[in-house]
Amino acid sequence: MKDKQIEKLIKGEEKRQAEGLELIPSENYVSEDVLKANGSVFTNKYSEGYPGRRYYGGQDFTDQVERLAIERVCKLFKCKFANVQPHSGAPANLAVYSALLSPGDVVLGMDLSHGGHLTHGHPMTLPAKIYKFVTYKMKNPDTGEIDYEDLRRVAKEFKPKIILAGFSAYSRALNYKKFVEIAHEVGAVTMADMAHIAGLIAAGVLRNPFDDGFDIITSTTHKTLRGPRGGIILTRENEEIAKKIDKAIFPGIQGGPHMHTIAAKAVAFGEAMTPKYKKYAGQILKNAKAMESVFHKNNIRMIGGGTDNHLILADVFGSLGVTGKEAQTVLDEVGITLNMNAIAEDTRKPMDPSGIRFGTPAITTRGFKEKECKYVAELMIKVLKNKDNKKIKESIHKEIKKLAKKFPIPKKFV
Ligand SMILES: *Cc1c(COP(=O)(O)O)cnc(C)c1O
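Think of each chain on its own: its residues are numbered from 1, step by step along the sequence as written. The predicted origin of the model limits local features to residues at a pLDDT of at least 70 and limits the giving and counting of side-chain atom pairs to 80 or more, whereas totals for whole chains, interfaces and linings rest on all residues. Calculation of side-chain values draws on the structure's entire complement of heavy atoms; hydrogens and water are dropped beforehand.

Chemist: Please give an account of the overall build of the protein chain that cites residues and values.
Modeler: Secondary structure elements follow DSSP: runs of H or I no shorter than four residues count as helices, runs of E no shorter than two count as strands, and numbering proceeds from the N terminus. Each helix and strand counted, the protein chain has 16 helices and 14 strands in total. Per-residue accessibility, obtained with a 1.4 Å probe over protein chains only, is compared with the maximum for each type, and a residue is labelled buried under 20%, exposed over 50%, and partly exposed between these values. Considering the protein chain as a whole, with its 414 residues, one finds that 57% of them fall into the buried category. It only takes one pair of heavy atoms within 4.5 Å for two residues to be counted as in contact. A sequence separation of at least 24 residues applies to 74% of the contacts in the protein chain between residues at least 6 apart. If you sum the accessible surface of the protein chain, you get close to 18,400 Å²; carbon and sulfur atoms cover 54% of it. Note on areas: Shrake-Rupley, 1.4 Å probe, and residue coverage restricted to the protein chains presented here.

Chemist: Describe in detail the packing of helix 4 (residues 89-100) against helix 9 (residues 239-253), supporting the description with residues and values.
Modeler: In this description, a line fitted to the C-alpha atoms serves as the axis of each element, helices being fitted only across the stretch in contact, and the angle between N-to-C directions of two axes falls anywhere from 0 to 180 degrees. For the pair helix 4 and helix 9, interaxial distance at closest approach is 8 Å and the crossing angle is 115 degrees. The element helix 4 and its partner helix 9 pack so that their crossing is right-handed. Contact with helix 4, carried on its side by Pro91, Leu94, Ala95, Val96, Ser98, Ala99 and Leu100, involves Ile241, Lys244, Ile245, Ala248, Ile249 and Ile253 of helix 9 and no other residues of that element. Residue composition of the contact of helix 4 with helix 9, grouped by class: eleven nonpolar, one polar and one charged. Here a crossing is called left-handed whenever its near helix is offset anticlockwise from the far helix by less than a right angle, and right-handed whenever the offset is clockwise. Nonpolar residues are Ala, Val, Leu, Ile, Met, Phe, Trp, Tyr, Cys and Pro. Charged residues are Asp, Glu, Lys and Arg, and all others, Gly as well, are polar.

Chemist: I'd like to hear about the packing of aromatic side chains, residue by residue, with values.
Modeler: By convention, a stacked pair of Phe, Tyr or Trp rings (six-membered ring in the case of Trp) has centres within 6.5 Å and planes under 30 degrees apart, an edge-to-face pair has planes over 60 apart, and any other such pair is tilted. In this structure the tally under the stated criterion is twelve aromatic pairs. On the basis of an interplanar angle of 85 degrees and a centroid distance of 5.7 Å, the ring pair of Tyr148 and Phe179 is categorised as edge-to-face. Of this pair, Tyr148 sits in helix 6 (residues 148-158) while Phe179 sits in helix 7 (residues 176-186), and the two are 31 residues apart along the sequence. By the burial criterion, Tyr148 is buried, and Phe179 matches it. Three or more aromatic residues link up through ring pairs in this structure, and these residues are Tyr136, Tyr148, Tyr176, Phe179 and Phe214. Geometrically, a lysine NZ or arginine CZ counts as sitting over a ring once it is within 6 Å of the ring centre and also within 35 degrees of the ring normal. Looking at Lys178, its charged tip hangs above the ring of Tyr148, at a distance of 5.5 Å from the centre. Over the ring of Tyr280 we find Arg226; its NZ or CZ atom is 3.9 Å from the centre of that ring.

Chemist: Tell me about the environment of Ser168, and name the residues and values.
Modeler: Note on placement: Ser168 falls in the loop between strand 7 (162-165) and helix 7. Assessed through its relative accessible area of 11%, Ser168 is described here as buried. Sequence-wise, Ser168 and Leu112 are 56 residues apart; in three dimensions their C-alpha atoms are separated by 9.1 Å. Residues in contact with Ser168, not counting those within four places in the same chain, are Gly115, Gly116, His117, His196, Leu311 and Arg357.

Chemist: Residues and numbers for the site of the ligand, please.
Modeler: Here, proximity means that at least one heavy atom of the residue falls within 4 Å of the molecule or strand. Inspection of the region around the ligand gives 14 residues, with Ser88, Ala90, Asp193, His196 and Lys223 positioned closest. Any pair of N or O atoms that falls within 3.5 Å is considered a polar contact. Within protein, one atom must be able to donate a hydrogen and the other to accept it, and sequence-neighbouring residues count only if both atoms are side-chain atoms. Residue His117 places a side-chain N or O atom 3.5 Å away from a nitrogen atom belonging to the ligand. For the ligand, an oxygen atom lies 2.8 Å from a polar atom in the side chain of Lys223. For the ligand, the protein covers 85% of the area, taking 380 Å² as the surface of the free molecule. Residue classes in the shell around the ligand are distributed as three nonpolar, nine polar and two charged.

Chemist: An account of the sheet that holds strand 14 (residues 355-359) is needed here, citing residue identities and associated values.
Modeler: Pairing in this open sheet of three strands is antiparallel, and the strands run 11-14-13 from one edge to the other. Since the sheet does not close on itself, it has two edges, and those belong to strand 11 (311-315) and strand 13 (339-341), each with one partner. Across the sheet, the axes of successive neighbouring strands diverge by a mean angle of 35 degrees, strand direction being ignored. Here strand 11 runs beside strand 14; their pairing, made up of five bridges, is antiparallel. Paired with Leu311 across the bridge in strand 14 is Gly359. When DSSP finds at least two bridges between two strands, those strands are taken to pair.

Chemist: Talk me through the domain arrangement of the protein chain; I want residue IDs and the actual numbers.
Modeler: Here the limits of each domain have been adopted from an automatic or database domain assignment. Under the domain assignment used here, the protein chain contains domain 1 (4-30 + 283-406) and domain 2 (32-271). Look at where the C-alpha atoms of domain 1 and domain 2 centre, and you get two points 28 Å apart. Opposite the 27 residues of domain 1 that make contact, domain 2 presents 28 residues. Once two parts are put together, the accessible area they lose, assessed with a 1.4 Å probe and summed over both, is termed the buried area. Both faces combined, the contact of domain 1 with domain 2 buries some 2,200 Å², and carbon together with sulfur accounts for 54% of it. Criterion for a salt bridge: a side-chain nitrogen of Lys or Arg within 4 Å of a carboxyl oxygen of Asp or Glu. Lys137 is paired through a salt bridge with Glu345; the nearest N and O atoms lie 3.4 Å apart. Here domain 1 and domain 2 share 17 residue pairs in polar contact (both at pLDDT 80 or more) between them. Only helix 11 (275-297), strand 11 and helix 14 (361-365) provide two or more residues apiece to the side of domain 1 that touches domain 2. When residues in the side of domain 1 that touches domain 2 are grouped by element, the largest group, three residues, is from helix 11. Here the side of domain 1 that touches domain 2 is composed, by residue class, of twelve nonpolar, ten polar and five charged.

Chemist: Describe the sheet that holds strand 7, naming the residues involved and giving the relevant values.
Modeler: With mixed pairing, seven strands are arranged side by side in an open sheet as 4-10-9-8-7-5-6. Each end of this open sheet is capped by a strand with a single partner; those strands are strand 4 (81-83) and strand 6 (132-136). Shown here is a sheet whose adjacent strand axes are inclined to one another by a mean of 20 degrees, direction ignored. For strand 5 (residues 106-110) and strand 7, the ladder comprises two bridges, and the chain directions are parallel.

Chemist: Give a description of the pairing of strand 10 (residues 231-235) that names residues and reports values.
Modeler: Summarising burial for strand 10: five of the five residues are buried, a large majority. A two-sided burial pattern is seen for strand 10, the buried positions comprising Gly231, Ile233 and Thr235 on one face and Ile232 and Leu234 on the other. When strand 4 meets strand 10, the two strands line up antiparallel, connected through three bridges. Note on strand 10: the bridge partner recorded for Phe81 is Thr235. For strand 9 (residues 216-220) and strand 10, the ladder comprises five bridges, and the chain directions are antiparallel. Paired with Ile217 across the bridge in strand 10 is Leu234.

As structure tokens, this is what we get:
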């Protein structure tokens, strides 16, 4: 590379990723093939529009790439329509809102402090300035069960046009049928934002909301799905909705699609169809359960009481007197990356909350099984209990580096 400054930074990031353990549940490692497609000459091409209906010439190969991506993702999630152009998860959600809502219309989504995502109505976001967001919560943070009765009550009171299921910090399975039932009672469209768990759904190890009658799924492609940074919008069967969504993406909120990313998405979708990927997804869940068992044994409170998916939200302040920010910092020191996270009904501030959130998608890609995951969980707790003990931290950092070396980031998945 001619640009030595940037080359050095890329090398630095490569080393950081190789030597540390990635427990941020929204991160993963892509295959060499995904990287290759993502760095391909498709980055040179403008292709505003959709396959067969473009505003520029020279679309011989772009059309084929986008059609393949659509065909694969529809097969993967069992739906009729897909838009593979969203640049990321946030624009995917914005596009659905703008496709189906008029300014002032109501969306009913999960309360952010109970695990919802910023794009589900945080006051600082553009959607929250245009539409009205009302929320539901967990009935009891120690079991994680959604308060479906309250959801129904709020739905009846506010008559939302969209009922939204999906989270970035929630560890339990959802009763999708209940969402659909309530949506039908009030005439709302059902939308599942599966950004975190899309890979687990694609592999069939978590339930597919489409199987219970959801209308729309939005997702990122770079979390459990293990593709490039990007978004998708899937429509189960309603062509009218799918057409509105296409228009909302282009020309609604985006210009030309990133065809190199779409090529990389297609590669990732192909990888996700393999038996190997199914096995990988199953192992993500087993590994999360293994970590859960260690946290249980150490009496550390987990929101939702544990996990059904790839992530755990632990109340480290309530259980160990260590704040989320302190935990994030001290774990970073020993080579474990995760993030501080507010917990339901948190008494602390967002910039130093009570919880940490971590998950198993990335370490499972590296080949970790239950044994290694339990060991990592034990090391994490040891660090948190000895956060001011330099000697202990140094020895644990060595252990983490050893583990990382033993399980290099793979380049081929299929
Ligand atoms: C990650 C995430 C998003 C946003 O994705 P970006 O790619 O960061 O824009 C949206 N919704 C949920 C539930 C997420 O977890």
